[in-house]
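What the coordinates show
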Amino acid sequence: MFWLLFLLMACAAAFLSCARLCLAAAHAAHSEPAGDGAHELTLYEAAFLSGGPSRVADLTLVSMARSKRLLLAHTGWATVVDPVGGDDIEASVISAIGPDGQSRIAAVRRATAAADAVRALADRLVAAGLAVPDGARGGVAGAVRQVRAAALAVVVLAGVSLTMPGGEPGDGVLVAAWFTLPLVLTLSCLAIARFEVHPYTRWASPTGQRLIGALPKTVRDGVGEAAALTAVAVHGVRAVSDPALRSAFGTAQRGH
């Protein structure tokens, strides 16, 4: 009857992990400030809500490269052409490149994403109810990982219980049936989280996601400089139409 001990362990792991996920989701929902949805997103804000600090860095590099103020080579190097930044985030890019005026694109992206200007942008979006606070996003993601681990533990404990010697005929069906209960609990919790909790694991809150979705299709997918930069902000560097720029970012990612 040692399988009863394993069953208790599986039930405890399933219950505690699912309870943590429910509490984390409730905390994320209540910690989100109310947003009225009337905010008009800037390109930097759209980039952060779509992909976080790294997306803001990518957008800034692409914008400066398209305006010929920065040279992004296919070898993965960034070279300063105009040392005067148009705003604080562009100034962060130039500062990240350094006094030599040249640096690896991957290093510039990391430094820009961690710059004070990007953190200030994140704080403003969180205060406006458009971005998810770090603590809420991390808490939900950690709880989801714990539920997944609990589901795996249930399967392992069930397998051990089924292979233990000394059982009587028919015990295997009974053991499998009992272990199905905590397994169904964890899998159901993950399925619900996929649809109900998933919005809180992204950078944008539900209000921020609605604003991104409300961007006019002509702006997101049209032609022209504004449309091109908006596409990068929303979809990332894969939306860059210039093959030379795509090559530069591809080299930087392979090097990283």
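Quick look at the structure, then. (Residues numbered from 1 in each chain as written. Predicted model: local features only at pLDDT ≥ 70, side-chain atom pairs only at ≥ 80, totals over all residues. Heavy atoms only, no water.)

**Points about the pattern of salt bridges**
This is how it is decided: Only one rule defines a salt bridge in this text: a Lys or Arg side-chain nitrogen within 4 Å of an Asp or Glu carboxyl oxygen. Here a helix means four or more residues in a row that DSSP labels H or I, a strand means two or more in a row labelled E, and each is numbered from the N terminus. Buried, partly exposed and exposed residues are distinguished by accessible area as a fraction of the type maximum, computed with a 1.4 Å probe on protein chains only: under 20%, between the cut-offs, and over 50%, respectively.
Enumeration over the complete set of coordinates arrives at four salt bridges. Between Asp58 and Arg109 there is a salt bridge; the shortest N-O distance is 2.4 Å. Of this pair, Asp58 sits in helix H2 (residues 43-66) while Arg109 sits in helix H4 (residues 105-113); the two residues are 51 residues apart in sequence, bridging distant segments of the chain. For Asp58, a relative accessible area of 6% gives the class buried.

**Brief notes about the packing of H2 against helix H3 (residues 88-97)**
Geometry of a packed helix pair, given as the angle between the helix axes and the separation of the axes. Threshold: Only C-alpha atoms enter the line fits that serve as axes; for helices the fit covers just the stretch in contact. Angles between N-to-C directions range over 0 to 180 degrees. Oblique is the label for any angle not under 35 degrees, not over 145, and not in the 65 to 115 range, which are roughly parallel, roughly antiparallel and roughly perpendicular in turn. Should the near helix be turned anticlockwise from the far one by less than a right angle, the crossing is left-handed, and should it be turned clockwise, the crossing is right-handed. Only heavy atoms enter the contact rule, under which two residues are in contact if any of them lie within 4.5 Å. Classes in brief: Ala, Val, Leu, Ile, Met, Phe, Trp, Tyr, Cys and Pro nonpolar; Asp, Glu, Lys and Arg charged; the others, Gly included, polar.
It is the contact of H2 with H3, at a shortest axis distance of 10 Å, that shows an interaxial angle of 60°. Here H2 is positioned oblique relative to H3, judged by the angle of their axes. Judged by the twist between their axes, the crossing of H2 over H3 is right-handed. In this structure, H2 uses Tyr44, Val56, Thr60, Leu61, Ser63 and Met64 to contact H3, whose residues at the interface are Ile89, Glu90, Val93 and Ile94. For the contact of H2 with H3, the per-class residue count stands at seven nonpolar, two polar and one charged.

**Brief notes about H4**
Condition: In this context, the arc is that of the directions from the helix axis out to the C-beta atoms.
Listing the buried residues of H4 in full gives Ile105, Ala106, Val108, Arg109, Thr112 and Ala113. Taken down its axis, H4 places every buried residue within 160° of arc, on the same side.

**Description of the side chain of Ser103**
Looking at where Ser103 falls in the secondary structure, it is placed in strand E3 (residues 102-104). If near-sequence neighbours (up to four positions away) are discounted, Ser103 is found in contact with Gly76, Trp77, Ala78, Ala96, Ile97 and Val108.

**Looking at a positive patch on the surface**
Using the following cut-off: Residues forming no salt bridge and having over 30% relative accessible area are the ones grouped into patches, like charges within 9 Å of each other and nonpolar side chains (Val, Leu, Ile, Met, Phe, Trp, Tyr) within 5 Å. All accessible-area figures derive from a Shrake-Rupley calculation using a 1.4 Å probe, and residue coverage is judged against the displayed protein chains alone. Residues counted as positive are Lys and Arg, residues counted as negative are Asp and Glu, and His and the chain ends are not counted. Charge placement uses NZ in Lys and CZ in Arg. For Asp and Glu, CG and CD serve respectively.
Together, Arg20, Arg145, Arg148, Arg194 and Arg202 make up a positively charged patch on the protein surface. Note that Arg202 resides in the loop between helix H7 (171-196) and helix H8 (206-213).

**Here's the deal with unusual backbone geometry**
Unlike most non-glycine residues, Lys68 shows phi in positive territory, near 65°. Structurally, Lys68 can be placed in the loop between H2 and strand E1 (70-72). The exposure class assigned to Lys68 is exposed, which follows from its relative accessible area of 65%.

**Quick word on the sheet that holds strand E2 (residues 77-80)**
The cut-off we apply is this: Here, strands pair whenever DSSP counts at least two bridges between them.
A sheet is described by the order of its strands in space; here three strands give the open sequence E1-E2-E3, paired in antiparallel fashion. One side of each edge strand has no neighbouring strand; the edge strands of this open sheet are E1 and E3. Ignoring which end each strand starts from, the neighbouring axes of this sheet average 20° apart. Judged from the three bridges that link them, E1 and E2 form a sheet pairing that is antiparallel. Bridging from a neighbouring strand, Leu72 pairs with Ala78 of E2.

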